[in-house]
Amino acid sequence: MTYNFKSSEIENQIPHLVEKGITEFTVSDEKISRDKNRILKIFNLMSQYAPEVFISIVVDVNLIDKDVINAAGSLFSCLEIPLVAIEKGGKLLFDKKLYAKKARLLNDYGLVFGFLLTYADSPADSLKLFLDRLDFATDQYPNHIDFPQTENVELEQTAKVSGAFSAKDIRYARDVSFGCRTFYSAGRAVTWMLSVLRPLKIHPSKFFADFAEWQHCNNCDFKSGYVPEKENHEDIEKMQLLFLDEKYEEKSCKDLIPLVHDIVIINGAISRVAGEGKESVIDVSYHPEDLLGPESFDLISFAENVCMMNCKVKIFETADGPDFEILN
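Now for a look at the structure at hand. Remember, it's a predicted structure, so these values are computed and weren't measured experimentally.

Conventions and cut-offs
Residues numbered from 1 in each chain as written. Predicted model: local features only at pLDDT ≥ 70, side-chain atom pairs only at ≥ 80, totals over all residues. Heavy atoms only, no water. Helix = DSSP H or I, 4+ residues; strand = E, 2+ residues; numbered from the N terminus. Buried < 20%, exposed > 50% of the residue type's maximum accessible area, 1.4 Å probe, protein only. Contact = heavy atoms within 4.5 Å. Areas by Shrake-Rupley, 256 points an atom, 1.4 Å probe, with all protein chains shown as cover. Core = buried A, V, L, I, M, F, W, Y, C linked by side-chain atoms within 4.5 Å. Pairing = 2+ DSSP bridges. Axes fitted to C-alpha atoms, helices over the stretch in contact; angles between N-to-C directions. Phe/Tyr/Trp six-rings, centres within 6.5 Å; stacked < 30°, edge-to-face > 60°. Parallel < 35°, antiparallel > 145°, perpendicular 65-115°, else oblique. Left-handed = near helix turned anticlockwise from the far one by under 90°. Nonpolar A, V, L, I, M, F, W, Y, C, P; charged D, E, K, R; others polar. Salt bridge = Lys/Arg side-chain N within 4 Å of Asp/Glu carboxyl O.

## Details of the overall build of the chain
A tally of helices and strands in the chain yields 15 helices and 10 strands. With respect to the three principal axes, the spread of C-alpha positions in the chain is 55 × 55 × 35 Å. Residue burial in the chain is summarised as follows: out of 328 residues, 48% are buried. Taking the contacts inside the chain whose residues are at least 6 apart along the sequence as the reference set, 68% of them involve residues at least 24 apart. Roughly 16900 Å² of accessible area belongs to the chain as shown, and the carbon and sulfur atoms make up 49% of that amount.

Given below as structure tokens:
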């Protein structure tokens, strides 16, 4: 059951979330996102009355500091950060240093966060600038990247044709966004995305554009009505592997395909244990500790220096989180 609370009601409703059976609580009010005191008050109330309820809250990047991080870190939470570009002198700019610094801080503290990206909602925006924002966002290791314009019909209309952003460009940006939404966010690819892209020598935005074309050819693109969030993760993982096979063959990296499969499969299995409590038994060609270790950041070096070890691995939940056991 879904409840929609007015902004003025949020604090008063938090003590009643558990009795209403609410397990996920989303706060996306623009005024709250810019009010640090109110954000901290909401976190305090959640800690007091609903510590086991997942809270997703939009937070202005300028407000992210140790106070907010410590409060969010005590909860089952996710910070949603609008990646905002500001128009100055007819140009659209965003502070890469600021966003990179805040993302690094969140990653250092192990907090879950995502970025909110839009396109063509300012006369100064262009396709090139949007793709640059997407590449930057992916490089910061967000848990997910959301594109409100591909998820909400009303918000989709905020994309306006301009001298720098044609109707064709808007369709391209929409499809790239949807490709990212499917492959990266619904596909839970944060832990391995950048590692897998390095041998391909391709920018994330170009990769998502190619995947969007693949989706179109396989009738699971934006126009088909496909909703990635409603799909089983295993099904999206199969799509990821099929597409990665094509890209690695195209880029003459075919020898790395078994390693890529192992990394995608083991991380996917761990994400399903953490997210759905679903245990798995998988077959991999390398030791799980190597696949999940720092060696996996450089696939070419990994393939050259890590010994293969074919094994069957059980992925399961423990009190301390997901773990694995080699069965043979």
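## Looking at the nonpolar core
If you look at the biggest cluster of nonpolar residues, it comprises 100 residues, and the most contacted ones within it are Phe 43, Met 46, Leu 79, Phe 207 and Tyr 248. The element contributing the most residues to this core is helix α13 (residues 257-276), with 9 residues. Setting aside chain neighbours within four positions, we find Leu 79 in contact with Phe 43, Ile 57, Val 59, Val 68, Ala 72, Leu 106, Leu 111, Val 112, Phe 113 and Gly 114.

## Brief notes about the sheet that holds strand β9 (residues 311-318)
An order of β8-β9-β10 is seen for the 3 strands of this open sheet, with the pairing classed as antiparallel. The open sheet has two edge strands with one neighbour each: β8 (280-284) and β10 (321-326). On average, each strand axis in the sheet is tilted by 30° relative to the strand beside it, whichever way the strands run. Of the pairings in the sheet, the one linking β9 to β10 comprises 6 bridges and is antiparallel in character. From the neighbouring strand, Glu 317 faces β10, where its bridge partner is Pro 322.

## Looking at the sheet that holds strand β6 (residues 113-116)
Read across the sheet, 5 strands follow the order β1-β2-β3-β6-β7 without closing on themselves; strand pairing throughout is parallel. Taken across any chain shown, the strands that pair with only one partner, and hence form the sheet edges, are β1 (24-27) and β7 (144-146). Mean inter-strand twist for the sheet, computed between neighbouring axes without regard to direction, equals 20°. Inspection of the sheet shows strand β2 (residues 54-58) paired to strand β3 (residues 77-82) by 4 bridges, in the parallel sense. Bridging from a neighbouring strand, Ile 55 pairs with Ser 77 of β3. Packed on one face of the sheet, helix α5 (residues 96-108) meets β3 and β6 and runs near 155° to β6.

## Comments concerning the packing of aromatic side chains
Applying the stated criterion across every chain yields a total of 18 aromatic pairs. On the basis of an interplanar angle of 70° and a centroid distance of 5.2 Å, the ring pair of Phe 211 and Phe 243 is categorised as edge-to-face. Of this pair, Phe 211 sits in helix α11 (residues 204-217) while Phe 243 sits in helix α12 (residues 233-250), and the two are 32 residues apart along the sequence. Between Trp 214 and Phe 243 the ring centres are 6.3 Å apart and the planes differ by 65°, which places this aromatic pair in the edge-to-face class. Taken together, the positions of Trp 214 in helix α11 and Phe 243 in helix α12 put the pair 29 residues apart, joining distant regions of the chain. On the accessibility criterion, Trp 214 (10% relative accessible area) is buried. Accessibility expressed as a relative area gives 3% for Phe 243, which makes it buried. Cluster of aromatic residues (ring-pair linked, three or more members): Phe 183, Trp 192, Phe 207, Phe 208, Phe 211, Trp 214 and Phe 243.

## Quick look at the side chain of Ser 285
Tracing the backbone shows Ser 285 in the loop between β8 and α14 (288-291). On the accessibility criterion, Ser 285 (15% relative accessible area) is buried. Not counting chain neighbours up to four residues away, the residues in contact with Ser 285 comprise Asp 262, Met 308, Met 309 and Asn 310.

## A word on the packing of helix α3 (residues 36-49) against helix α4 (residues 66-73)
Running from N to C, α3 and α4 point in directions that differ by 20°, and their axes come no closer than 9 Å. Classified by the interaxial angle, the pair formed by α3 and α4 is roughly parallel. Between α3 and α4 lies a crossing of left-handed hand. Seen from α3, the contacting residues are Lys 36, Leu 40 and Phe 43; seen from α4, they are Asp 67, Val 68, Ala 71 and Ala 72. A class-by-class count of the residues in the contact of α3 with α4 yields 5 nonpolar, no polar and 2 charged.

## What to know about the pattern of salt bridges
Applying the stated criterion across every chain yields a total of 17 salt bridges. In this structure, Lys 96 engages Asp 132 in a salt bridge whose closest nitrogen and oxygen atoms are separated by 3.3 Å. Of the two residues, Lys 96 is situated in helix α5 and Asp 132 in helix α6 (residues 127-139); the sequence distance between them amounts to 36 residues. What makes Lys 96 partly exposed here is its relative accessible area of 36%. A residue is classified by how much of its surface remains accessible, and Asp 132, at 28% relative accessible area, is partly exposed. Note that Asp 210 and Lys 247 form a salt bridge whose closest N and O atoms lie 2.7 Å from each other. Separated by 37 residues along the polypeptide, Asp 210 in helix α11 and Lys 247 in helix α12 bring together distant segments of the chain. The exposure class of Asp 210 is buried, given its relative accessible area of 19%.

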